[in-house]
Amino acid sequence: MIGRSDHLHDDHLVECYFADRRGEALDPPSAEHLADCEACETRYLELSTFLNDVRTDADAEVDALFTTERLRTQQEQILRRLEQVSRSARVISFPAQSASMPMTAVAGRVAPRWLAAAAAAGLFVGVAVGGTLLAPGRVQQSGSTMRVANTPSAAARLAPSPAVLVNAPSVIDSIDDDAFLMQLEFALERPHTQELQPFDALTPHVREIGVNNR
Amino acid sequence: MSDHQPARQPGLVPAATAPSRERRPAPGPSSEDTRLAVEIRELVARGAMDEARDRFAGLVATHQRRASRIAYQYLRDAAEADEAVQDAFVKAFGHIASYRDAWPFEVWFTRILINGCLDRRKARARRERWFAPADDVGTRDEARLPFGGVAQLDPEAQLLARERRARLSSAIDRLDGRQRTVFMLCHYGDCTPREVSAMTGLNESTVRVHLFRAARKLRALLGAKS
């Protein structure tokens, strides 16, 4: 395929072929040479025949596939798609009820506000109920009831026991504040494990001794 | 055939009825298409979309056969080539504001078309990596050949034509990517090396070299023909 020095190079022949097919004028020296040199003219004809055959085959195939009818359909589809190009995006309408309610910034924060209010209310109720249940009087009462129910003998043995205090207001009145607080601590410090309570009842405590001595 | 002929829409320009094998004049920056494209750009800028669409229909009618030919040679599948051509025209209309008349409309549009075809080829290659093809693409389109084309020939001639096309298709597929692009644009798209240079960004002399090498390689691959 390398061109000889006296003949046209193959790439020149290819250029000549494409220029000729486009209807352009050939390069004058090449045209002159092709007219004079029989060998180059033969090569040029061979090349032209080959490329023309390639083109003819390809065109025949494409023309058979893309018929006039098909091109018309293609054109219609293109124009249909072009109609959508300039149109703005379609907005889907919401139900009338939702649409009638103006969507403001305040409305958008309704849910968080309700949540905050519910959380605050829950916290308040929790604190109030907790405060009520853990009030000193109730703790004393519930603790003493349990003690009395579980260990009746111990309750009977301890004269200033909370159960007795609850059932006998006159005795409570006579005890000063220190004694009351000591009894409260005593009630809270007692073991809550059922198995240990009999042992605890039998064990003398310093505070009990102090109270009894008064 | 005429029973199924779709109703003609306003602004629909008749498609080219005969295959364009005639020599086309080399388009220049001031060609008719370029002038029309500039007008469409101005109409779009003014917001006269209906008029712009009507004018654009003329460009579609002028270029769609050539575009289909190029797209088919790239993709070797008629349906996909059809879609690629549609996409290219829609994209060209959508981006007409960015069209500059330094180059003919044909060059600008062909560049859009080729990029679309290359994207489709890449996507297909990715698909084929994961899925086995149902059948050969060439065979698929052969089956769709309507009467009036090659299908009019006798069975032997049909078979020979099919084999010839298969060989040609195979040979073109074996070309280097740039050689294939340059050869297709010059041979099937009737583009000059200068236009191909503008479309592909390759140097004009490089385009000539690729064209020559493509032609030489094709002759070697299809040697029996010459």
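Cut-offs applied
- Residues numbered from 1 in each chain as written.
- Chains lettered and ligands numbered in written order.
- Predicted model: local features only at pLDDT ≥ 70, side-chain atom pairs only at ≥ 80, totals over all residues.
- Heavy atoms only, no water.
- Helix = DSSP H or I, 4+ residues; strand = E, 2+ residues; numbered from the N terminus.
- Buried < 20%, exposed > 50% of the residue type's maximum accessible area, 1.4 Å probe, protein only.
- Contact = heavy atoms within 4.5 Å.
- Areas by Shrake-Rupley, 256 points an atom, 1.4 Å probe, with all protein chains shown as cover.
- Salt bridge = Lys/Arg side-chain N within 4 Å of Asp/Glu carboxyl O.
- pLDDT = per-residue confidence, 0-100.
- Expected span 1.5 Å × (residues − 1).
- Bend = angle between axes of the 7 residues up to and from the residue.
- Core = buried A, V, L, I, M, F, W, Y, C linked by side-chain atoms within 4.5 Å.
- Disulfide = S-S within 2.5 Å.
- Phe/Tyr/Trp six-rings, centres within 6.5 Å; stacked < 30°, edge-to-face > 60°.
- Lys NZ or Arg CZ within 6 Å of the ring centre and 35° of its normal.
- Polar contact = N/O pair within 3.5 Å; in protein donor to acceptor, adjacent residues only side chain to side chain.
- Axes fitted to C-alpha atoms, helices over the stretch in contact; angles between N-to-C directions.
- Left-handed = near helix turned anticlockwise from the far one by under 90°.
- Nonpolar A, V, L, I, M, F, W, Y, C, P; charged D, E, K, R; others polar.

## Re the overall build of chain A
Of regular secondary structure, chain A possesses 14 helices and 0 strands. Taken from the N to the C terminus, the helices and strands of chain A come in the order α-α-α-α-α-α-α-α-α-α-α-α-α-α. Within chain A, the fraction of its 214 residues that count as buried is 29%. Across chain A, contacts joining residues at least 24 apart in sequence account for 51% of those joining residues at least 6 apart. Put simply, chain A shows about 13,700 Å² of open surface, and 62% of that area lies on carbon and sulfur atoms.

## Here's the deal with the pattern of salt bridges
When their charged atoms lie close together, side chains carrying opposite charge are able to pair. The full count for this structure, using the stated rule, is 21 salt bridges over all chains. Residue E15 of chain A pairs with R208 of chain B through a salt bridge whose shortest N-O separation is 3.3 Å. With one member in each of two chains, E15 of chain A in helix 1 (residues 10-21) and R208 of chain B in helix 9 (residues 204-221) form a pair that bridges those chains. Overall, the relative accessible area of 32% leaves E15 of chain A in the partly exposed class. Ionic pairing is found between R55 of chain B and E39 of chain B, a salt bridge with its closest N-O pair at 2.4 Å.

## Quick look at the confidence of the model for chain B
The predicted structure's coordinates, where accompanied by low pLDDT, should not be read in detail. Residue and element names in this part refer to chain B. In the predicted model, chain B carries a mean pLDDT of 77, and the fraction of residues at 70 or more is 76%. Helix 5 (residues 137-144) is the least confidently modelled element of chain B, averaging 49 in pLDDT, while helix 3 (residues 78-94) averages 93, the highest of any element. Low pLDDT, under 50, characterises residues 1-30; the stretch is placed with 62 contacts to residues that sit more than four places away or in other chains. A low-confidence stretch, residues 146-151 (pLDDT under 50), is modelled with 11 contacts involving residues beyond four sequence positions or located in other chains. Overall fold confidence (pTM) sits at 0.57, and the ipTM for the predicted complex is 0.71.

## A short note on helix 2 (residues 49-75) of chain B
All names here are of chain B. In a regular helix each residue adds 1.5 Å, so 27 residues correspond to 39 Å; helix 2 covers only 32 Å between its end C-alpha atoms and thus falls short of that length. The largest bend along helix 2 reaches roughly 50 degrees and is located at H63. Extensive coverage of helix 2 is indicated by the burial of 22 of its 27 residues.

## With respect to the nonpolar core
The biggest cluster of nonpolar side chains holds 80 residues, and the ones touching the most others in it are F56 and F183 of chain B. Ranked by the residues each element gives to this core, the list is headed by helix 2 of chain B, at 12 residues. Beyond its immediate stretch of four places on either side in the chain, F183 of chain B contacts L51 and V54 of chain A together with L175, Y188, L211, A214 and L218 of chain B.

## A word on the state of the cysteines
According to the stated counting rule, one finds 0 disulfides over all chains in the structure shown. For the unlinked cysteine C37 of chain A, the closest cysteine sulfur is that of C40 of chain A, found at 3.7 Å. Between C191 of chain B, a free cysteine, and C186 of chain B, which holds the nearest cysteine sulfur, the sulfur-to-sulfur gap is 6.7 Å. With a relative accessible area of 0%, C191 of chain B lands in the buried category.

## Considerations on the packing of aromatic side chains
Where two aromatic rings form a pair, the distance of their centres and the angle of their planes describe that pair. Within this structure, the stated rule accounts for 11 aromatic pairs over all chains. Look at F56 of chain B and F89 of chain B: their rings are 6.2 Å apart centre to centre, the planes differ by 85 degrees, and that puts the pair in the edge-to-face class. Taken together, the residues span a long stretch of sequence, with F56 of chain B in helix 2 and F89 of chain B in helix 3 at a distance of 33 residues. F89 of chain B carries the same exposure label as F56 of chain B, and that label is buried. In textbook terms, an aromatic cluster arises when at least three aromatic residues are bridged by ring pairs, as seen for F56, F89, F93, Y99, F105, W108 and F109 of chain B. Sitting over the ring of F66 of chain A, R70 of chain A keeps its end group 5.1 Å from the ring centre.

## Quick notes on the environment of L221 of chain B
Residues and elements named next belong to chain B. Inspection of the secondary structure puts L221 in helix 9. Among the residues examined, L221 registers a relative accessible area of 26% and is labelled partly exposed. On a C-alpha basis, the gap between L221 and I172 in space is 9.2 Å, while along the polypeptide they are 49 residues apart. Beyond its immediate sequence surroundings of up to four residues, L221 is in contact with R167, A171 and R174.

## Side note on the confidence of the model for chain A
For chain A, the average pLDDT comes to 72, and 65% of its residues sit at 70 or higher. Confidence, expressed as mean pLDDT per element, reaches its minimum in chain A at helix 9 (residues 152-157) of chain A with 46 and its maximum at helix 4 (residues 68-85) of chain A with 89.

## What about the side chain of R69 of chain B?
Residues and elements named next belong to chain B. In this fold, R69 is placed in helix 2. Under the relative-accessibility criterion, R69 is labelled buried at 2%. Only 2.9 Å separates the side chain of R69 from the backbone oxygen of Y188, close enough to count as a polar contact.

## Some thoughts on the packing of helix 2 of chain B against helix 4 (residues 105-130) of chain B
For any two helices packed against each other, the geometry is given by the interaxial angle and the distance between the axes. Residues and elements named next belong to chain B. Relative to each other, helix 2 and helix 4 sit at 40 degrees, their axes nearing to 10 Å. Taken as a pair, helix 2 and helix 4 cross one another with a handedness that is right-handed. Only F105, E106, F109, T110, L113, I114, C117, L118, R120, R121 and R124 of helix 4 make contact with helix 2, whose side of the interface consists of F56, L59, H63, R66, A67, I70, A71, Y74 and L75. For the contact of helix 2 with helix 4, the residue count by class is 13 nonpolar, 2 polar and 5 charged.

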